[in-house]
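Residue-level listing of the chains:
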Amino acid sequence: MTLHPEKKTTIIMGKYGGRMLFRTVAVLTVMLPFVGFVVCVAWSLIFDFKSATATHCGVHNYLPSVSAAIGDYYPQRFIWRIAIALHTIPRIQIAHVYYMYFISILPKWHESTVLLNCLLNLVEVLSLFGLTFISSTDNYTIHKLFFITFLLTSTIYMALSIYLLRHRITPPSALEVKSGRYKLRLFVTTLLAVVGAVCFFARHNNYCEPMMYTWFAVCEYLVILCNMAFHMTAYWDFPNREWSLRQSSFIRQQFRI
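Overview of the structure.

A few words now on the side chain of Thr155. Here Thr155 lies in helix H6 (residues 140-165). With near-sequence residues (within four places) excluded, Thr155 lies in contact with Phe187, Thr190 and Leu191.

The next point concerns the packing of aromatic side chains. As enumerated under the stated definition, the model contains 16 aromatic pairs in all. Arranged with centres 5.3 Å apart and planes meeting at 40 degrees, the rings of Tyr213 and Phe216 form a pair that is tilted. Within this pair, Tyr213 and its partner Phe216 are both found in helix H8 (residues 212-232), separated by 3 residues, close to a single helical turn. Exposure class is identical for Tyr213 and Phe216. Each is buried. Members of the aromatic cluster, connected to one another through ring pairs, are Phe22, Tyr98, Tyr101, Phe102 and Phe238. Lying over the aromatic face of Tyr235, Arg23 brings its terminal NZ or CZ to 3.7 Å of the ring centre. Here Arg185 stacks its cationic end above the ring of Tyr182, 5.2 Å away from the centre of that ring.

This structure, assessed with the given rule, holds 1 disulfide. Cys57 shares a disulfide with Cys208; S-S distance 2.1 Å. Linking Cys57 and Cys208, the disulfide has an S-S dihedral of approximately -65 degrees and is accordingly described as left-handed. Here the residue Cys57 occupies a position in the loop between helix H2 (49-52) and helix H3 (66-71), and Cys208 occupies one in the loop between helix H7 (174-207) and H8, the gap between them amounting to 151 residues. The class of Cys208 is partly exposed, set by a relative accessible area of 26%. Counting only cysteine sulfurs, Cys199 is the nearest neighbor of Cys219, a cysteine outside any disulfide, at a range of 8.6 Å. By relative accessible area, Cys219 is classed as buried at 9%.

Conventions adopted
Residues numbered from 1 in each chain as written. Predicted model: local features only at pLDDT ≥ 70, side-chain atom pairs only at ≥ 80, totals over all residues. Heavy atoms only, no water. Helix = DSSP H or I, 4+ residues; strand = E, 2+ residues; numbered from the N terminus. Contact = heavy atoms within 4.5 Å. Phe/Tyr/Trp six-rings, centres within 6.5 Å; stacked < 30°, edge-to-face > 60°. Buried < 20%, exposed > 50% of the residue type's maximum accessible area, 1.4 Å probe, protein only. Lys NZ or Arg CZ within 6 Å of the ring centre and 35° of its normal. Disulfide = S-S within 2.5 Å.

Given below as structure tokens:
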């Protein structure tokens, strides 16, 4: 089979194995944790509301924390773990694609920064995997370590990606410009949400004010959703590029490296 330019959704089997449009892979990869996250939060609100929103303060709260929603109850724990397990390998491959992408659009002296950015992306993916399969009830210390690592690496990765895109030597397409704008907005929103989460959590712990834990949960949700949306911008970065199951030589051909 061959890929016809006018038929953008065709999957091809050929010299490089199964292929499809990269933007299709990006959407499917992000939709796995997104759907899993929505289902887990909704299930917790409907079936485990009282226990999922309870804290040591004993004040009224209306939303579960992310850790409670995805890791403390069944079947939510299974749903989230399946979603993250299925999306991990494509995320690792996408990190490699972005490495090649940045190498192809940046001057050579940025290669070490591009490598650092790729490593941050990989550590983010692996720490998300770790905090998913070691919940706060299993081992709070290790879960906390994975969570902090995920938060730091994902935020720095966002900032470094934006920095690198501003030093490209090839002119961006209209879609890449759009992608860059959304990346910046999502990064700023993430920073504000992190600050909000820290403030609301401190007020909840120190003063046991009503609704503070709910606002903390809202900020957590924003961080998670902004992270997903940031990675979804690959939809605009690679609108016409293809994805192959056998990646290395195929990606080099795609980026002419």
